[in-house]
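# Chains, contacts and geometry: an overview
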Amino acid sequence: MAKRLIPTLNRVLIEKIVAPSKTTAGILLPENSAKLNSGKVVAIGSGLRDKSGNNIPVAVKEGDIVLLPNYEGTQVKLGEKEYVLYRDEDILGTLHD
Amino acid sequence: MAKRLIPTLNRVLIEKIVAPSKTTAGILLPENSAKLNSGKVVAIGSGLRDKSGNNIPVAVKEGDIVLLPNYEGTQVKLGEKEYVLYRDEDILGTLHD
Amino acid sequence: MAKRLIPTLNRVLIEKIVAPSKTTAGILLPENSAKLNSGKVVAIGSGLRDKSGNNIPVAVKEGDIVLLPNYEGTQVKLGEKEYVLYRDEDILGTLHD
Amino acid sequence: MAKRLIPTLNRVLIEKIVAPSKTTAGILLPENSAKLNSGKVVAIGSGLRDKSGNNIPVAVKEGDIVLLPNYEGTQVKLGEKEYVLYRDEDILGTLHD
Amino acid sequence: MAKRLIPTLNRVLIEKIVAPSKTTAGILLPENSAKLNSGKVVAIGSGLRDKSGNNIPVAVKEGDIVLLPNYEGTQVKLGEKEYVLYRDEDILGTLHD
Amino acid sequence: MAKRLIPTLNRVLIEKIVAPSKTTAGILLPENSAKLNSGKVVAIGSGLRDKSGNNIPVAVKEGDIVLLPNYEGTQVKLGEKEYVLYRDEDILGTLHD
Amino acid sequence: MAKRLIPTLNRVLIEKIVAPSKTTAGILLPENSAKLNSGKVVAIGSGLRDKSGNNIPVAVKEGDIVLLPNYEGTQVKLGEKEYVLYRDEDILGTLHD
């Protein structure tokens, strides 16, 4: 069973971040804190090709924590894990502390 | 919890300006004065890429007070604050006193 | 409260011209004379950017009296005055006496 | 009241030709002879701009008698006269005796 | 009354060929033989303009017998004759004996 | 009556291959064997023109046996024979033994 | 009967991989393990042509195990085997162990 996916073109493989609904100490968090739809970039494609045949670099890189759009990407299951695929232009931004 | 977003491509992160409905002296303002749909640019992307792979600079810059279109952008909550994301071409203009 | 708007890209800020329904001497004008949908260009953007990153000049200039299309632009209120925003390609032509 | 319009970009101002339904001698003409939807070019724009910023010349010139498409253009009244605006690519051809 | 039309851009003026439903000897032809939707090119435009402002030659030439698409072109009456206008890319091919 | 068609641009004239429903020895073939929607290229156009005015060669050549899409092309009758026209980009591939 | 297909342009011929619903030892696998919609690349086209007439290489190569989109490609039967055709940009990525 396949365990690794290298996306084509400007596709980006994302592992979604599920916000905890309780703190590690067991205290329930208010609903708002889970609202951010984010994920971690696990793999990226080699980019779309421009008119002269060169690759346009993908707008995010492996390891980036990214803000995802409200519409769903393509769901992919590799091994036991669920991922989601987006085109790089669909990703809204990178998140930082 | 993420506190900072760097938008991708030509996206612009905006903090909306809520017009006061009373003056600081407590006098109610007439309805019209709250009509302008404006915001402050908090962060911008690195721009779309043109055919030769160069970045096209984003049409507004951080700190600009901008006039927003009538259609809603993508809402984003970072920390305790609400923001909205637009593509730079959706922003109608910059406001000045 | 903002008093001045600098439009983005190829947007044009227009102050609509309301045709008088009476002459200054108080004589009612026939209905047809108010039919022309025109306005005065108050501010223009810096233009769309072409493939090599240069600005394409906006098709009208500040002070031009222009013929507007039948569809409505985006309404904007600055200070006490009402304006309307169009893309330069929507403007039908410039009017001259 | 404005008397002259200089169209923007590739727009063309047309004065429609109304075919007489009687000859000057008062003889009624058969219905078919009025069928050609034609007009005279009164003013043209400076043309659309190509990728390098140059103007693409408008496909018809002032004074040309042109064949109009079946769909209506934008109606404009200047002074006492009615005109119609088309994009140059909508004009079907030039008519010659 | 106009007798000649010079089409604009890549338009092509066609005189339709009406297949005889009887031979010259008066023998009725079977239905199928009239099925080919063809015409003769009477006049062509100067061609669309490419990005560098050059004319792209029209894909057919005056005098060509052409195969027409199933959808109707724009009908034009010049003098006593009926014609039809198509864009050159709508014409399916040239017919030869 | 026309016997030969030279297609325009990137059009391709195809003679459809009708799979026999019996072998030459008279044995009925199972239904599946007739399923491939194929044809023989009889004539091709000179190709679409690129931005610099050069012809882009048609993706198939005369004599090729090709796999056709599930949607129907434009039917053409030349002399006694039925053909079908496709754009070269609609053809799925070339078939080989 | 044709046995080999060379796809046109950026088309890719895929042999779908049907996940076993039992292990070779006869143990039924849980439903999820069959969920990945994958296939093996059997043949590729020569690629789309760019503006200067050069071929843009196809994004996958013969022998690649690929992840397919949720929408169905064009089904093709060659000899006794079923295949499916996709455009290379529809393929989501390549799978690796």
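Below: a short report on this structure. What you see is a predicted model; the values in this text were computed from it and never measured. (Residues numbered from 1 in each chain as written. Chains lettered and ligands numbered in written order. Predicted model: local features only at pLDDT ≥ 70, side-chain atom pairs only at ≥ 80, totals over all residues. Heavy atoms only, no water.)

## As for the sheet that holds strand S5 (residues 74–78) of chain A
Strand order in this open sheet of 7 strands is S5(A)-S6(A)-S2(A)-S3(A)-S4(A)-S7(A)-S1(B), and the pairing throughout is antiparallel. A single partner strand is all that each edge strand has here, and the edge strands are S5 of chain A together with strand S1 (4–7) of chain B. On average, each strand axis in the sheet is tilted by 45 degrees relative to the strand beside it, whichever way the strands run. Inspection of the sheet shows strand S7 (residues 93–96) of chain A paired to S1(B) by 4 bridges, in the antiparallel sense. Residue A:Thr94 lies in a different strand from S1(B), and its bridge partner there is B:Ile6. (Pairing = 2+ DSSP bridges. Helix = DSSP H or I, 4+ residues; strand = E, 2+ residues; numbered from the N terminus. Axes fitted to C-alpha atoms, helices over the stretch in contact; angles between N-to-C directions.)

## A few points about the relation of the copies chain A and chain B
The operation relating the pair of chain copies consists of a rotation about an axis and a translation along that axis. The operation relating chain A to chain B is a screw motion whose rotation component is 51 degrees, with 0.0 Å of axial translation and a residual RMSD of 0.0 Å. A different interface surface on each copy is seen, since only 5% of the contact residues of chain A are contact residues in chain B too. (Least-squares fit on C-alpha atoms with pLDDT ≥ 70 in both. Contact = heavy atoms within 4.5 Å.)

## Some words on the pairing of strand S5 (residues 74–78) of chain G
Within a regular strand, the side chains alternate between the two sheet faces. All names here are of chain G. Direction of pairing for S5 relative to strand S6 (residues 81–87): antiparallel, over a ladder of 5 bridges. Along S6, the bridge assignment pairs Gln75 with Val84. Two successive antiparallel strands, S5 and S6, enclose a turn made up of 2 residues, where Gly79 displays a positive phi of approximately 60 degrees.

## Digging into the sheet that holds strand S2 (residues 11–16) of chain E
Sheet strands pair by backbone hydrogen bonding; their relative direction is either parallel or antiparallel. Strand order in this open sheet of 7 strands is S5(E)-S6(E)-S2(E)-S3(E)-S4(E)-S7(E)-S1(F), and the pairing throughout is antiparallel. Looking at strand neighbours, the two that pair on one side only are strand S5 (74–78) of chain E together with strand S1 (4–7) of chain F, the edges of this open sheet. In this sheet, adjacent strand axes meet at a mean angle of 45 degrees when their direction is disregarded. Pairing analysis gives 5 bridges linking S2(E) to strand S3 (residues 38–44) of chain E, with the strands arranged antiparallel.

## Observations regarding the pattern of salt bridges
Think of it this way: side chains of opposite charge can pair up when their charged atoms draw near. With the rule as written, the count across this model stands at 28 salt bridges over all chains. Between A:Lys16 and A:Glu72 there is a salt bridge, with its nearest N and O atoms 3.4 Å apart. Residue A:Lys16 is found in strand S2 (residues 11–16), and its partner A:Glu72 is found in the loop between strand S4 (65–67) and S5; the two are separated by 56 residues along the sequence. A:Lys16 gets classed as partly exposed once you look at its relative accessible area, which sits at 34%. When its relative accessible area of 44% is taken as the criterion, A:Glu72 is described as partly exposed. For D:Asp88, the salt bridge identified is with E:Arg49, shortest N-O distance 3.8 Å. With D:Asp88 in the loop between strand S6 (81–87) and strand S7 (93–96) and E:Arg49 in the loop between S3 and strand S4 (65–67), this pair bridges two chains. Judged by relative accessible area, which is 27%, E:Arg49 ranks as partly exposed. (Salt bridge = Lys/Arg side-chain N within 4 Å of Asp/Glu carboxyl O. Buried < 20%, exposed > 50% of the residue type's maximum accessible area, 1.4 Å probe, protein only.)

## Digging into the relation of the copies chain A and chain G
When chain A is fitted to chain G, the best match, at an RMSD of 0.0 Å, comes from turning it 52 degrees and sliding it 0.0 Å along the axis. Interface overlap between copies is the fraction of interface residues in one copy that are interface residues in the other; for chain A against chain G it is only 6%, indicating separate surfaces.

## Description of the interface of chain A and chain G
Taken residue by residue, the interface counts 18 residues in chain A and 22 residues in chain G. Buried area between chain A and chain G, both sides added, is near 1,700 Å², and the carbon and sulfur share of it is 59%. Looking only at chain A, the three residues that lose the most surface to chain G are A:Arg49, A:Lys51 and A:Lys77, adding up to 29% of its buried area. Across the chain A-chain G interface, the total number found is 1 salt bridge. At the junction of chain A with chain G, the criterion picks out 7 residue pairs in polar contact (both at pLDDT 80 or more). Those elements giving two or more residues to the side of chain A that touches chain G turn out to be strand S1 (4–7), S5 and strand S6 (81–87) of chain A. Looking at the side of chain A that touches chain G, its residues break down into 9 nonpolar, 2 polar and 7 charged. (Buried area = accessible area lost by both parts, 1.4 Å probe. Polar contact = N/O pair within 3.5 Å; in protein donor to acceptor, adjacent residues only side chain to side chain. Nonpolar A, V, L, I, M, F, W, Y, C, P; charged D, E, K, R; others polar.)

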